[in-house]
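A look at the structure
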Amino acid sequence: MSQPSVNSTRIVSENELAKQNEFAGLVSEFLSADSHNKSKAFVHTYGCQGNVADGERIKGMLIEMGYILTDDINEADLVLFNTCAIREHAEDRLYGNVGALKNLKKANSNLRIVLCGCMMQQKHAAEKIKKSYPFVDIVFGTHALYRLPEMIYKNYSTGKRVFDVSDETGVIAEDLPIHRDSSFKAWLPIMYGCNNFCSYCVVPYVRGRERSRKPQDIIEEAKCLIKQGYKDITLLGQNVNSFGKGTDYNFSRLLRELNDINGDFRIRFMTSHPKDCTFELLDTIAQCDKLAKHLHLPFQSGNNRVLKEMNRGYTREKYLELLNYAYSVMPDLSVTADVIVGFPGETYEEFLDTVSLVEKAEFTSMYTFIFSSRQGTKAASMPDPVSREEKGKWFDELLKAQEKSADKRTSLMVGKTYRVLCEEVNKKGLIEGRTEGNVIIEFPGSEELVGSFANVKVTESLIWILKGELQ
Ligand code: SAH
Ligand code: SF4
Ligand code: F3S
């Protein structure tokens, strides 16, 4: 994979969207002519929240085309997998799940199989599907998402397979139909793509260059969500801290304007990149009452040589300085992070720097990944002498350190009362919700609480989950 050149942003025009709307109408005619019952679509999204947000738009478009959504893959007339390419495991799982669809298609020759998302944006993956999975009908990449009605129409009208995986200019398509998975938690993408080219990461290759939505479009969407009763809104981007870069409208300003909207809601965001995280941003979180006191700040490694090889653009010292400042202005702040174990060439001594950073940082939770080589990235060609088995041992060692850190942090919460968004009744019959800091808490309460805020006193910490009682 060659590094794509810097390309400019293209906002999909109203004309183009109107054309897609027409295609949606044509598909709807096909479907109603084809069967007495409504056609059913099964959609599954892999990967990050950005992909989930895309999946919600895909569902919105499918409904516009006349499909109804189903959770039962066996009764579906259209199966769509929205894929992820971040680690090898994600890709292997996808091939397995696609392979299993062959029998489904044998049972229902009308079944349409659609693959899209990050993995399909990679030429080698799309080629493999083309050659080895002939029962897949439609394949498209991340840039073509808004053209879904046209692709489905083409497939219906010609009976031919459709592939649309071009590496085009980064696009932003506003006002696509949307079907949100929740009625009180919402994803709100504020930017797309990534410019950082961390040496291990496939995202810049499959998502194109960084592009920000217009602040006004974001604020309007947020107002609309709040009016509809959404309580927890997560702003999404691979590096939200560089929002509006090159203009005089930065991320802190966006946060302040969102905070000024009237209503009972909270805002969180991910992902913050430490290289672009400023004291101004941390002050903004501290000062704005509707901003959750939660910061997802992946550090990836605690060793400066490894950070440099990763092309992360900050040092261990800079990261710890940011955290110290953040805790000084928000002692109750909950910090979460991502880390990679076993980057090519990392030694055990260097890995121990990651352990010591975890001990210092006191994350409430952490997502730990073993390095996975991604075709076309710089790290894929670096010598990687440490065995998978050895990396597994380091991984376990790091989890132990993190457990101690989290225990320290969540134990401090016992006896205090937090505002919790109640999310569901869990298997134990308890209400399960999340604190501002995104820590899961369960407590006895009535089902009607789901979707609203409640004040809950923490009675016990089991590290990954808190127990509490309604106040
Ligand atoms: N933009 C975010 C990360 C998005 S990907 C950031 O820069 O923080 C989510 C996480 O997946 C990353 O933080 C990293 O920890 C992990 N990851 C990405 N590529 C990986 C790879 N090749 N192997 C293992 N983990 C990886
Ligand atoms: Fe990947 Fe780095 Fe971009 Fe995050 S900032 S998406 S890790 S390249
Ligand atoms: Fe995966 Fe694409 Fe997200 S690679 S992690 S779905 S941006």
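Residues numbered from 1 in each chain as written. Chains lettered and ligands numbered in written order. Predicted model: local features only at pLDDT ≥ 70, side-chain atom pairs only at ≥ 80, totals over all residues. Heavy atoms only, no water.

Our next topic: the overall build of the chain. The helix and strand inventory of the chain stands at 14 helices and 21 strands. A compact globule built from 471 residues should have a C-alpha radius of gyration of about 23 Å, and the chain, at 23 Å, falls within 12% of that. Projected onto its principal axes, the C-alpha coordinates of the chain cover approximately 65 × 55 × 50 Å. A buried classification covers 55% of the 471 residues belonging to the chain. Taking the intrachain contacts of the chain between residues at least 6 apart in sequence as the baseline, contacts between residues at least 24 apart amount to 75%. As displayed, the chain has an accessible area near 20800 Å², and 49% of this comes from carbon and sulfur atoms. Looking at charge distribution, the chain has the averaged site of its 60 positive side-chain charges lying 3 Å from that of its 64 negative ones. (Helix = DSSP H or I, 4+ residues; strand = E, 2+ residues; numbered from the N terminus. Rg over C-alpha atoms; globule rule 2.2 N^0.38 Å. Buried < 20%, exposed > 50% of the residue type's maximum accessible area, 1.4 Å probe, protein only. Contact = heavy atoms within 4.5 Å. Areas by Shrake-Rupley, 256 points an atom, 1.4 Å probe, with all protein chains shown as cover. Lys, Arg positive; Asp, Glu negative; His and termini not counted. Charge placed at Lys NZ, Arg CZ, Asp CG, Glu CD.)

Further remarks concern the packing of helix α9 (residues 251-259) against helix α10 (residues 279-287). Relative to each other, α9 and α10 sit at 10°, their axes nearing to 9 Å. In this view, α9 runs roughly parallel relative to α10, as classed from their interaxial angle. Residues Phe-251, Ser-252, Leu-255 and Arg-256 of α9 lie in contact with α10, whose contacting residues are Glu-280, Leu-281, Thr-284 and Gln-287. Grouping the amino acids of the contact of α9 with α10 by side-chain chemistry returns three nonpolar, three polar and two charged. (Axes fitted to C-alpha atoms, helices over the stretch in contact; angles between N-to-C directions. Parallel < 35°, antiparallel > 145°, perpendicular 65-115°, else oblique. Nonpolar A, V, L, I, M, F, W, Y, C, P; charged D, E, K, R; others polar.)

This part is about the site of ligand 1. In the vicinity of ligand 1, 15 residues are found, and the nearest of them are Tyr-200, Gln-238, Gln-300, Asp-338 and Ser-372. At a separation of 3.1 Å, an oxygen atom of ligand 1 approaches a polar side-chain atom of Arg-87. A distance of 2.7 Å is found between an oxygen atom of ligand 1 and a side-chain nitrogen or oxygen belonging to Asp-338. In the complex, the protein chains occlude 90% of the 540 Å² of accessible area that ligand 1 would expose alone. At the level of elements, β15 (334-341) and β16 (365-370) are the ones that each hand at least two residues to the shell around ligand 1. Residues that form the shell around ligand 1 fall into these classes: seven nonpolar, four polar and four charged. (Near = heavy atom within 4 Å. Polar contact = N/O pair within 3.5 Å; in protein donor to acceptor, adjacent residues only side chain to side chain.)

Attention shifts here to the state of the cysteines. All chains considered together, the criterion is met by zero disulfides. We note that Cys-116 lacks a disulfide partner, and the nearest cysteine sulfur, in Cys-118, lies 9.4 Å from it. Residue Cys-116 is classed as buried on the basis of its relative accessible area, which comes to 1%. (Disulfide = S-S within 2.5 Å.)

This paragraph deals with the packing of helix α8 (residues 215-227) against α9. As a packed pair, α8 and α9 sit with axes 10 Å apart at the nearest point and diverge in direction by 30°. Between α8 and α9, the angle falls in the class roughly parallel. Helix-helix and strand crossings are classified by hand; for α8 and α9 the assignment is right-handed. Together, Pro-215, Ile-218, Ile-219 and Ala-222 of α8 and Leu-254, Glu-257 and Leu-258 of α9 make up the contact between the two elements. Residues belonging to the contact of α8 with α9 are distributed by class as follows: six nonpolar, no polar and one charged. (Left-handed = near helix turned anticlockwise from the far one by under 90°.)

For the rest of this paragraph, the subject is the sheet that holds strand β3 (residues 68-69). Taken in spatial order, the six strands line up as β3-β2-β4-β5-β6-β7 in an open sheet, and their pairing is parallel. The outermost strands of the open sheet, each flanked by one partner alone, are β3 and β7 (162-164). Two elements, strand β2 (residues 40-45) and β3, share two bridges in a ladder whose sense is parallel. Note that in β3 the partner of Ala-41 across the bridge is Leu-69. (Pairing = 2+ DSSP bridges.)

Within the open sheet, the three strands sit side by side as β9-β12-β13. Their pairing is parallel. Across the chains shown, the open sheet's two edge strands, defined by having one partner strand only, are β9 (185-189) and β13 (266-270). Averaged over all adjacent pairs, the angle separating strand axes in this sheet is 25°, with direction ignored. Note: β9 against strand β12 (residues 232-236), five bridges, orientation parallel. The residue bridging Trp-187 from the neighbouring strand is Thr-234, located in β12. Packing of helix α2 (residues 49-64) onto the sheet brings it into contact with β9, β12 and β13, and relative to β9 it is tilted by some 100°. Most of the contacts of α9 go to β13, to which it runs at about 160°, and overall it touches β12 and β13.

This part is about the packing of aromatic side chains. In the structure shown here, the tally under the stated rule is 18 aromatic pairs. Aromatic side chains Tyr-95 and Tyr-133 sit 5.9 Å apart centroid to centroid with 20° between the ring planes, which places their arrangement in the stacked category. Linking Tyr-95 in helix α3 (residues 88-99) with Tyr-133 in the loop between α5 (123-132) and β6 (138-140), this pair joins segments that are 38 residues apart in sequence. According to the relative accessible area criterion, Tyr-95 is buried, its value standing at 11%. Centroid distance Tyr-348 to Phe-351: 5.9 Å. Interplanar angle 35°. Geometry classified as tilted. In this pair, Tyr-348 and Phe-351 both sit in helix α13 (residues 348-361), three residues apart, roughly one turn of the helix. (Phe/Tyr/Trp six-rings, centres within 6.5 Å; stacked < 30°, edge-to-face > 60°.)

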